[in-house]
Structures are given as C-alpha cells and as structure tokens.
Amino acid sequence: MSLSRTFTVVFSAFSFFYVFLAQAASVTEYLPAGHIYNKDIPTPHDVLGFGLGERHIRYDQLSNYIKAIDSHSDLVQTTVMGRTNHFREQLLVTITSEKNHAKLNELLNSRADFSIKKADEPLVIWLGYSVHGDELSGANAALAVIYHLAASENQSVKAWLDDTIIVMEPSSNPDGMDRFVSWASDNKGTVANPDPNHIEHHQGWRTGRGNHFEFDLNRDWLLLSQVETQNRMAYFQRYQPNIVGDFHELGSDKSYFFQPGVATRINPLTPKNNITLTHLMATYHAKALDKENHLYFSQEQFDDFYYGKGSTYPDINGSVGILFEQASSMGMQIETDSGILTLEYGIKNHIVTSLSTIEGAWANKDKFIENRKTFYENVEKEAKQEKFNGYLITEKHDSYRLTAFLSKLKQHHIDVYKLTDDFKVKSTVFEPAYSYYIPLNQPKYKVIRTLFDTPTTFVDNTFYDVSGWTLPLAMNIEFHKVNSTRGLELAETPWKQQTKQLNITAENTKLETDAYAYVFEWNDFLAPKLLNQILSANIKAKVATESFTTIVEGKNQQFEAGSIVIPTALQDQTNWQELLKEFSHNSQISITALTSGHTPEGADIGSPSLKILKPIKVLLIGGKGVSETEAGEILFYLDDTLNIPVTVIEKDRLDKIELNAYTHIVMVNGNYQTLSPIVVIKLESWLKEGGVVFAQKYAAQWLASKDILKASFVSRNQINQLFDTSELSYKDKDYLAARKRIAGAIYETNLDTTHPLTFGFNQKKLPVYKNNTLIMEPLHYPFTNVGTYSASPLLSGYTDKNLIARIANTSSLVAHNVGEGRVIATTDNFVFRGYWYGSAKLLANSLFFGKVFSAPATR
C-alpha cells in the first residue's frame, strides 16, 4: 500500500467498514495484488485527474475514460447503444481477446442458433452497473474492472479473455447518475462529513434513482417503456449472455448482499439449474469477500419473482442473473451503527464481486454454456407439453395501441404472425385486419408465458416488487388461448413494424377546403395529442357527446361519442386547414371531411349536444412528500407521449401561485397534509370558479378529508379488522403484513361507457393497476361513479381473499361537480410505469372532457 494512502480497517460485532482517512486509493489498490499492468493503458487517475472514490465522477468523465482506454487497448471495444432523454450516449464496453474481437460478429451471429453447442464457443458475461443513478459505487467499480481487464499482463486475465466475451454497461442510467452527482457534489463539504443528517445524504424531491422521467429502469426490462431500456434490449438480444451481474446499493445499515435470495420467492418459470448455478457462484463471491474480511449476506430480503429486473430477465432468456447490493454511503461517507461507511468501501466490494463473477463463470464455463443449450432444449419440450398452442390477440379500434403491443413483443424477439383469414374461437371471430397469433413453441416461450400469464395464487405471498404485470391486460388488448390451430391461416413470415398509411398525408393529399366540417374518432391512443395540437393552434373544435351517422363518399359512416368535430364556420384563421393537415400527418390519425351539417342518424353538426372544447393548461403539484415516480409517469404520458406541456410546481410554492392561470391541477399519490389553510381555500375557490382537479390514490383521500371530494374511504382500522389475528404467533408477523398489502396487482373494473370520461373505450370491462389498499366507497350521488371494481375483480397478481371481497363493487373512478368546476378521483394509477396504455386515456379524458359532463354531488 502506498505511503500516500492510509486505510483503517476495524472489525468487531458492530464495526466492519473502511474508515476514510486520507486521499482516495489509486486504482491498483482496489485490485488484486500481484498483477503487472501495461503502462501504456491509462489509469482512471491519468484521465480524470483524481483517484476513484476521491470524488463523484460525472458521466462525461466516465465516458471520457472509457473512450481513452478504448483508444489505447486492442482488447476493448466501445459501442454507443443509443442516447438517453438528455442525449447522453449509452455506452457498452466489450472486452475480450484480440482473436475474439477479430471474429466478434461471427461469434455473436452464431448465438442466434440456440440449439447447437459450438466448438470453442466463448462464454458471454454481462455486467451492468448503477441502473439506479444514485448508486454510484457500481459505476466507479466498473472503471477499475475495465482497467484491470485491459491492462493486466497476468496469464489468469489473458485466459479469461481468451475464453470469454465480457460485456459491461458501466452506467445504465446516465441521466440519473449526473442528477445525483450534481446534488452530492454541490452539497458535500471540503472536509468529509459523515453525519447522516447532513444535506449531502438527503436528495431533493427529484432524486438520481430514476431516469429523466424518474422511471426505475430496473423495473423496465419486460415493459420496455423507456428509451434507455429499448436501446439496451437490442444489444442484450444480440449478445445473449450466459450470465448477468447486476450491481446495486441498499440501505446504509446493511452490509453486502449477493444472490441467491429468498428460496420461496423464486418465479416458477425460473429453471432449477439457474438456482443451482446461482448457489455455485455464491461460493466464489463468499470466498472473495472472506479474503477481504468483509461482511455479507444472502438468501434473504430479495426475491427473484418479477422478471422486469436486470437480475431476473436473464433467467427466462437462457442466462443466469445475479443481483449484488452494496450498502450505500449516500455520498462520500456516512456514519452507521457499524462504523463509518465510505464510497471507497462500496467500490471495493463491487470490484471484488465483479471479478469473482468472471472467475466463477470462467471456471465453470462448460456448465454455463451447457445451461444455455439445455434451457432452449427444455423450452421446446415445455411448450409442446402445454395444453394450448398459443395466443390470439386482436384490437379493432386502436391500431396505435396494437402496434405498440406488437413492437414490445418484437423487441423481446417473440415471433408474431398475422392472420390471413377469419378464425373463430368459441363465439369470437378474429378478423385478419387486426388479429395476430403468437405460437408458444418458439425460443422465447418463457418470455411469452411471463407476459401473458395471469397467476393469482402463489407459494409465498411476500413480494419485493409487483405480483402481476400481464402485458395484454395492461395494454387492454383482447387475447385468447388457442387449443387447436386447425383452420388457422397465417402469414408466412413474422410481423415487422411498417409505417401506417393515411387517407390524408402531408405529401400527396390536400385537405378538402370546401368541407363543411372535419371529424376524427377518439379511439386512437394519440387522439388526445392531435386534439391538443388543434386547440393550441386556436382551431375551434367540439366533442360529440352522442354517436352520429353521416354520409362520406356516398356511404353512411358512424362516428361514436367522443369523436372530435372541427366546424369550418367557427374558424377565423386563414391557414387552419394546412395546420390541420400537418397535425393529422404528424399524429398518423386520419381526418374525415364532411360535406354537410345534416346527419341521417344522431345529432346534426350544429346540435347543442356537441360541446365546445377549450385549450388546456395543466399544473402538476410536486415537491417533497409527493411521489416522484408517479409524477414522472404523468409527465411521461402527457409531456413525452402526447406533447402536452405540464407545469410542475412544488407544494411549498402554491401559496404564491395564481391558480386561475391553469385549467387543470393533477395531484398524484403523496402527503398533502402540509398544505396551508390558505392554499386549501385557494384550491376550493379555483374549483368553484371552474377549475378541474384530477387526483389519484392518497391525494384523492386528502381531497375527501377536506370535503372537496364527496367520498368516504375505508379506514386502516377497518382493513385490520378483516384479518383474524387471534391464533397468530410472533413468527407470523411478516406473513400478516404481506396479507394486508397489495404489492401490485391487476383488477377488473366496469366503466360507465356513456360517461364523457370514458369516451374512446369500446368495452365496459377495463383492467387497471392497483398497488395500495385504499378503498373508496361508491358515491351515493347519481352519475358520479364512472368506474367500479367488478364483483370478482382480481385478474392477475396477489391479493388476500379478504381484501378482494372488500374491494369488490367499490369505486375506482369517481367525478362530480364542485361549483362550476369538477373533481375527478381514482384509487388507482392509470399510467403506471408507462406501459399501461389501456387505462391511460382516462387521464387524457379528464383533461379534455372534464367540463363536458355535469354530475352534482347532491341528491
């Protein structure tokens, strides 16, 4: 150890951490002893100007180091997978021998054939770091590992690189990483301050954990809602790794965790051999950490159930995923009950287990290669043993939502085939124009199963994350199991995404300038985007509150309630039709020209039943105590998907804001008890003067507590009374807590499809996502219950039978007048994790049609 560096290591029952005393370590002090390093390969200090652990590295600094080492080493190849929301490059680093690099494309191409074990097939190891941007011991460790592999002259490392392809994502969340680094760097002192109360250890409302939209990217592997995940997935499918290491941080009061996790909380789709190999790898991690005298634990706390994480998605793709969790210093260093925990200590541990992962996988190369081959052999057998052959899906009314669903399957490398003729399953006829078949017997069988299965019973009812995530339910895509494919006519090649062709395009079709009016239907997922563009351009539009039939090109054509009508007579701009054509093309939604205001059936175009719509201006309440993830989900849907600007204002600034500048206020889950009486009065006054508030979950309950929302909620005490505890012992404490919790499940609701808030929904039944035990009793006022849970509401995931019975027939979505304004409230999250396309339009409808209905909360 160099003289410029001093570590004190204290070991006792309560103290086990490095205590930081002087400058940060040089990179070699983090790495195994006895290695000779190539002096031509730059160290992190050479490029950064400081040692790892001395300060937090920004993403541009991390990127610069990786590119520097790439330019100096023939063993390293850097690939830009794509760019983040902030336009940062997502880097993937491939490290292997020069021989393997020379034929890398050939080696990766050969992995597409899952059934053949090739001679001299290299092992592929994928290491992903810091997917949560404020867990930066991983990103720092990645730089040391890259240096070690590129610069070490030892034969052991050369042997690794001859036999393996090591793929590294040094920072899986660049945007979140820099948000955290900015906070931690701005708030740390010149002198290290380990006081856990110091501001450095307490991030603001928007933390670095998530990406730009505060999405947890470690929950997005299955859902593919975020650009970072979509970029990564293409390369994950390309490399098809044999083993994946996923490096995280956990609470400061813990030590170090590596899998296996809780034995009873493993998804049954995970092959048993994955568990065996995970236990085998654990012996290497334990040995490496024992050598350092560092504390660790396994087989508790974490599970392997939800397949949307970096350590679980590999398990259904012929790989073995392993989670690593290092206690977080939450900055440079923090005082804990066990001593002072430093960033350097966390970096060291992740380096140790990164190298033990490589060593263990390399030493058991044949087992991991055979595991992948056996996985796909067993997949074929298991698919053939199923009692059904595949799934039929159909969506007649919304081609955008259907295409988005198919695109997600395609990104998972699931083959989907278009029907070429009608096919009947029981009483349902699947028409070829919008119906597709997904056969089970294909390599991604297990991915298909996890996306389509609807389990409601489980061995262990405790879940680290969600228990239900069925994709077609979330996207409201009709799906059916197919027991026999006799008579099923399909396209010869799998589906590929194509550009939608419109009747009206910007290139070759002019909008008829002599039309009486124009109309488009509300079924399309992006119809709210088109409407917002129209209203923002001061083009006048109305919504039809009843269906009507008009004559188009000599034939009767019906338009459902919710259709948007743009009467020519109301327009006062000279270029409005050109704008309309442009908006139609950009949103890929066809607009129909009407030649007359007279309709053969239903209301005429000049009828008072068509309600004028006004431009919207949305305020989203944020700040400490408000869910940053739910706020991010709202922003992702409204801002990113629909291009509706949203003004975010923190709670503590509301008393200074003129609410009349806004048409709508959105309140996500959070604690609003700290809002001052002045703000409450302002909110009530704004509502009575014509504002519209949309509130979800505990924000809705808060509105009820202020008597703004005329609803009552089941109390915590009433929920507790649903459970008999008379025979329970202390060991049943966690079991009871799990029964009282809804970690994340899918519920069935019944919609009032005549209500303006449900325009665009063609079926009464709608799945919604629920992850709380908030229960809203049905309102006793007529026309105010827009969505209610069905009598047997649980569709997918776990909920205790007592809670299911209590939730049945209660309200999911309610709306009523408050003076001239409206209050709209739900116990659910309609835009959860960005993939709930099925229920998202309820939020858009609340914005655009919030004043179209009238339902006084009086008898």
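**Focus: the side chain of Thr 773**
As for its placement among the helices and strands, Thr 773 is situated in the loop between strand 31 (765-770) and strand 32 (785-796). Engagement of the side chain of Thr 773 in a polar contact is seen with the side chain of Arg 716, the distance being 2.9 Å. The residues contacting Thr 773, other than those within four sequence positions of it, are Arg 716, Ile 719, Lys 740, Arg 741, Ile 742 and Leu 803.

**A few points about the nonpolar core**
If you look at the biggest cluster of nonpolar residues, it comprises 179 residues, and the most contacted ones within it are Phe 520, Met 667, Leu 703 and Leu 709. No other element matches helix 24 (residues 837-848), which puts 7 residues into this core. Dropping the residues within four chain positions of it, Leu 703 is found in contact with Met 667, Leu 683, Val 693, Ala 695, Ile 708, Leu 709 and Val 823. Of all hydrophobic cores here, the second largest spans 67 residues; its members include Tyr 30, Ile 125, Leu 277 and Phe 324.

**Concerning the packing of aromatic side chains**
The tally for this structure, following the rule as stated, stands at 42 aromatic pairs. Measuring from centroid to centroid gives 5.4 Å for Phe 213 and Phe 636, while their planes differ by 70°, and the two rings are edge-to-face. Here the residue Phe 213 occupies a position in the loop between helix 8 (174-187) and helix 9 (227-239), and Phe 636 occupies one in helix 18 (residues 628-641), the gap between them amounting to 423 residues. Phe 636 shares its class with Phe 213; the two are buried. What links up through ring pairs into an aromatic cluster is the set Phe 305, Tyr 306, Phe 458, Phe 463, Trp 469 and Tyr 798. Directly above the aromatic system of Phe 87 lies the positively charged group of Arg 83, at a separation of 4.2 Å from the ring centroid. Above the face of the Tyr 672 ring, Lys 651 is positioned so that its terminal group lies 5.9 Å from the ring centre.

**Considering the sheet that holds strand 17 (residues 478-482)**
Within a beta sheet, neighbouring strands are joined by backbone hydrogen bonds and run either parallel or antiparallel to one another. Strand order across the open sheet formed by 4 strands is 13-16-12-17, with antiparallel pairing between neighbours. Strands with a single pairing partner mark the edges of an open sheet, and in this sheet they are strand 13 (417-418) and strand 17. As judged from the 2 bridges shared by strand 13 and strand 16 (residues 435-439), these two strands associate in the antiparallel manner. Pairing of Tyr 417 across the sheet is with Tyr 437, part of strand 16.

**Digging into the pattern of salt bridges**
For the coordinates displayed, the defined rule picks out 37 salt bridges. The salt bridge partner of Lys 158 is Glu 153, with a shortest N-O separation of 3.6 Å. Relative accessible area serves as the criterion here: at 34%, Lys 158 is assigned to the partly exposed category. Exposure remark for Glu 153: the relative accessible area of 35% places this residue in the partly exposed category.

**Thoughts on the sheet that holds strand 20 (residues 548-552)**
One open sheet accounts for 3 strands, arranged 21-20-24; its pairing is antiparallel. Each edge of the sheet is formed by a strand with only one pairing partner; in this case those strands are strand 21 (555-559) and strand 24 (601-602). In the sheet, strand 20 pairs with strand 24 via 2 bridges, with the strands oriented antiparallel. The partner of Thr 549 across the bridge, within strand 24, is Glu 601.

**Some thoughts on helix 18**
The first and last C-alpha atoms of helix 18 sit 18 Å apart over 14 residues, in line with the 20 Å expected at 1.5 Å per residue. By the largest-angle criterion, Leu 635 marks the main kink of helix 18, which is about 30°. Of all 14 residues that make up helix 18, 11 are buried, and the element is covered over most of its length. Listing the buried residues of helix 18 in full gives Glu 628, Glu 630, Ala 631, Gly 632, Glu 633, Ile 634, Leu 635, Phe 636, Tyr 637, Leu 638 and Thr 641. Just downstream of helix 18, Asn 643 is the residue with a positive phi angle, here 60°.

Definitions and limits used
Residues numbered from 1 in each chain as written. Predicted model: local features only at pLDDT ≥ 70, side-chain atom pairs only at ≥ 80, totals over all residues. Heavy atoms only, no water. Helix = DSSP H or I, 4+ residues; strand = E, 2+ residues; numbered from the N terminus. Polar contact = N/O pair within 3.5 Å; in protein donor to acceptor, adjacent residues only side chain to side chain. Contact = heavy atoms within 4.5 Å. Core = buried A, V, L, I, M, F, W, Y, C linked by side-chain atoms within 4.5 Å. Buried < 20%, exposed > 50% of the residue type's maximum accessible area, 1.4 Å probe, protein only. Phe/Tyr/Trp six-rings, centres within 6.5 Å; stacked < 30°, edge-to-face > 60°. Lys NZ or Arg CZ within 6 Å of the ring centre and 35° of its normal. Pairing = 2+ DSSP bridges. Salt bridge = Lys/Arg side-chain N within 4 Å of Asp/Glu carboxyl O. Expected span 1.5 Å × (residues − 1). Bend = angle between axes of the 7 residues up to and from the residue.

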